[in-house]
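Here is what each chain is made of, one letter per residue.
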2 protein chains.
Amino acid sequence: MKPKKKTAGIRRSPCAVACTLDIVGDKWSLLVIRDLLQGNVTYGELQNSREGIPTNILADRLKKLEEAGLVSKSAYQEHPVRYRYALTAKGESLKDVLRAIVQWGKENIPGTVVLSRR
Amino acid sequence: MKPKKKTAGIRRSPCAVACTLDIVGDKWSLLVIRDLLQGNVTYGELQNSREGIPTNILADRLKKLEEAGLVSKSAYQEHPVRYRYALTAKGESLKDVLRAIVQWGKENIPGTVVLSRR
DNA sequence: CCGGATCCGGTCTGATACTG
DNA sequence: CAGTATCAGACCGGATCCGG
């Protein structure tokens, strides 16, 4: 089913930029982290976020972010098990990166806004 | 044969994060920008950078970054036309984002270094 | 040779359908 | 509601080809 994942994630250098981008250098990961920072913590909340992330991509990113130690999940309900997602300290420290990105976008892409809360 | 390519780049929200990530939210763009900041300005210099970007990807990224107004190219030689690539002010201002990324990588990925110069 | 375009196989994305 | 399965098509990455 899922024996190995050996595709494009191979990194040959210890460069901090490259390694960081291997973790969050795609279109969705940072958006998920951004939503988590804003208080969207359940699967549904994340899915109904503004950008409309496809459900399979969301599940995949949550899994990868968890494996990378940026996100942790904990059950908040037992009967059908339901999880709440939270950023670890490592994940939360990415907010400095997000802040820089937001700032750049505001200054360089006309018409964009901060949207810090739904 | 390739008039418009607008597949996954569709923007549904004016969110500054999402829009910024649509421009540089992939594995290579920020690395190219990083190399340009470091003084690698010809095609060959960029290609021989540490990460080993495939040539077609490099050409594609340079084109897209130019279209996005982050990079400009100018001929520095005529006989076979050779170009030198440079960051525009807009592109150069991304160094704040890169700085945040470097910092996060250094603090959170053991074994990574800054590699600020070859 | 160098800068870049083209080809092609394989991987991943993204929309939807489906399951519990 | 919270995810998994599926599948076509987009995209990546390596190799090769081409123009100056």
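Quick caveat, the model's predicted, so the values are computed rather than measured.

Trainee: How would you explain the interface of chain A and chain B if you had to name every residue and give the values?
Mentor: In many analyses, interface size is given as the accessible surface area lost on bringing the parts together. Of the residues lining the interface, 43 residues belong to chain A; the matching set on chain B comes to 42 residues. For the chain A and chain B pair, buried surface summed over both sides reaches about 3,500 Å², with 70% attributable to carbon and sulfur atoms. It is V17, K27 and W104 of chain A in chain A that bury the most area against chain B; as a group they hold 19% of the surface buried on that side. At the boundary of chain A and chain B, one finds 0 salt bridges. Here chain A is connected to chain B by 5 residue pairs in polar contact (both at pLDDT 80 or more). Counting residues per element, the ones that place at least two in the side of chain A that touches chain B are α1 (16-24), α2 (29-38) and α6 (95-108) of chain A. If one sorts the elements of the side of chain A that touches chain B by residue count, α6 of chain A sits on top with 10 residues. The residue makeup of the side of chain A that touches chain B, split by class, is 23 nonpolar, 9 polar and 11 charged.

Trainee: Break down the side chain of R34 of chain A for me, citing the residues and quoting the values.
Mentor: All names here are of chain A. Here R34 shows up in helix α2. When its relative accessible area of 6% is taken as the criterion, R34 is described as buried. Of note is the side chain of R34, whose polar atom sits 2.7 Å from the side chain of Q38.

What counts as what
Residues numbered from 1 in each chain as written. Chains lettered and ligands numbered in written order. Predicted model: local features only at pLDDT ≥ 70, side-chain atom pairs only at ≥ 80, totals over all residues. Heavy atoms only, no water. Contact = heavy atoms within 4.5 Å. Buried area = accessible area lost by both parts, 1.4 Å probe. Salt bridge = Lys/Arg side-chain N within 4 Å of Asp/Glu carboxyl O. Polar contact = N/O pair within 3.5 Å; in protein donor to acceptor, adjacent residues only side chain to side chain. Helix = DSSP H or I, 4+ residues; strand = E, 2+ residues; numbered from the N terminus. Nonpolar A, V, L, I, M, F, W, Y, C, P; charged D, E, K, R; others polar. Buried < 20%, exposed > 50% of the residue type's maximum accessible area, 1.4 Å probe, protein only.

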